[in-house]
Amino acid sequence: TSHPFDPLRTPPAGCEEAEGVRSRSRRGARCAGTNVHTVGNLIDVACIRAAAERVAPHVLRTPTVPSPGLAAHLGVPVTLKLELLQRTGSFKARGAFAKITSLSAAERAAGIVAVSGGNHGIAVADAAGALGVAATVVMPESAPARSVALARAAGADVRLTPTMDGAFALLG
């Protein structure tokens, strides 16, 4: 069976499309050099390092801080990573830049589409704008006005639908 996002999926650079990698019925990607030590047989450390290199110029290297309060509550040391310091206010910028920078010139020229009522949509809009890629972000009408405004301010074409199901239906 096909998945509504199949046409939108592209394997990361250095990886090839493969059947049944994520599940028996869905397509996924298999990276060169995968073995039993790779994460879910989808990616290996080289793929992660390559993505980190592509993303580095576009995101902050955020600090980590100890959390004495959480540590006391949980009984174990806790360290927090302050991803809220990213330009978009969340860690989602890392994934958006990683994906968009992995696209070919032709794929970038075609533009990108995201469905999100929040941080993912904002991050995709911001990354696309920074990289000169046209973006459409589909959001439910219930999305926070701040999220809609930030995605539009980043240059995305924001389309509102009554529900999240309606947002995904637009992709079908």
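In case you missed it, the structure is sitting above this.
The notes below deal with the structure included here. Remember, it's a predicted structure, so these values are computed and weren't measured experimentally.

Before going further, it helps to spend a moment on the packing of helix α1 (residues 45-55) against helix α3 (residues 92-102). Running from N to C, α1 and α3 cross one another at 100°; their axes reach a closest spacing of 9 Å. Put simply, α1 runs roughly perpendicular to α3. Seen from α1, the contacting residues are A51, R54 and V55; seen from α3, they are R94, F97, A98, T101 and S102. Partitioned by chemical class, the residues of the contact of α1 with α3 number four nonpolar, two polar and two charged.

This part covers the pattern of salt bridges. Scanning all chains against the criterion turns up four salt bridges. In this structure, the salt-bridge partner of D126 is R87, at a minimum N-O distance of 2.8 Å. Separated by 39 residues along the polypeptide, D126 in helix α5 (residues 119-131) and R87 in the loop between β4 (79-81) and α3 bring together distant segments of the chain. Taking the shortest distance from any N to any O, the salt bridge between D157 and R159 comes out at 3.2 Å. Accessibility expressed as a relative area gives 44% for R159, which makes it partly exposed.

F97, I100, I112, A128, M139, A156 and V158 are the most contacted members of the largest nonpolar core, which totals 25 residues. Elements represented by at least two residues in this core include exactly α1, α3, β5 (112-115), α5, β6 (135-140) and α6 (145-153). Excluding anything up to four places from it in sequence, I100 contacts R108, I112, V124, A127, A128, L131 and V133.

So, on to the pairing of β6. Taking burial as the measure, the six residues of β6 include six buried ones, the bulk of the element. The two faces of β6 match: A135, V137 and M139 on one face and T136, V138 and P140 on the other face are all buried. The pairing of β5 with β6 spans four bridges and is classified as parallel. Among the inter-strand pairings, I112 is bridged to a residue of β6, identified as A135. Regarding topology, α5 serves as the crossover connection from β5 to the parallel β6, and that connection is right-handed.

Below, the discussion takes up α1. Listed as buried for α1 are C47, A51 and V55. Viewed along the axis of α1, the buried residues span an arc of 70°, placing them on a single side of the element. Among the exposed residues of α1, those pointing more than 90 degrees away from its buried face are A46, R49 and E53.

Time to look at the side chain of E83. Among the secondary structure elements, E83 is positioned in the loop between β4 and α3. With a relative accessible area of 10%, E83 lands in the buried category. Of note is the side chain of E83, whose polar atom sits 2.8 Å from the side chain of R94.

Once that is clear, we can look at the environment of A151. For A151, the location among the structural elements is in helix α6. Placed 14 residues apart in sequence, A151 and V137 show a C-alpha to C-alpha distance of 7.5 Å.

Relative to the helices and strands, S90 resides in the loop between β4 and α3. Judged by its relative accessible area of 6%, S90 falls in the buried class. Only 3.2 Å separates the side chain of S90 from the backbone nitrogen of K92, close enough to count as a polar contact. When neighbours within four sequence positions are excluded, S90 is seen to be in contact with E83, L84 and N119.

Thresholds applied
Residues numbered from 1 in each chain as written. Predicted model: local features only at pLDDT ≥ 70, side-chain atom pairs only at ≥ 80, totals over all residues. Heavy atoms only, no water. Axes fitted to C-alpha atoms, helices over the stretch in contact; angles between N-to-C directions. Helix = DSSP H or I, 4+ residues; strand = E, 2+ residues; numbered from the N terminus. Parallel < 35°, antiparallel > 145°, perpendicular 65-115°, else oblique. Contact = heavy atoms within 4.5 Å. Nonpolar A, V, L, I, M, F, W, Y, C, P; charged D, E, K, R; others polar. Salt bridge = Lys/Arg side-chain N within 4 Å of Asp/Glu carboxyl O. Buried < 20%, exposed > 50% of the residue type's maximum accessible area, 1.4 Å probe, protein only. Core = buried A, V, L, I, M, F, W, Y, C linked by side-chain atoms within 4.5 Å. Pairing = 2+ DSSP bridges. Right-handed = clockwise from strand over helix to strand, strands pointing away. Arc of directions from axis to C-beta. Polar contact = N/O pair within 3.5 Å; in protein donor to acceptor, adjacent residues only side chain to side chain.

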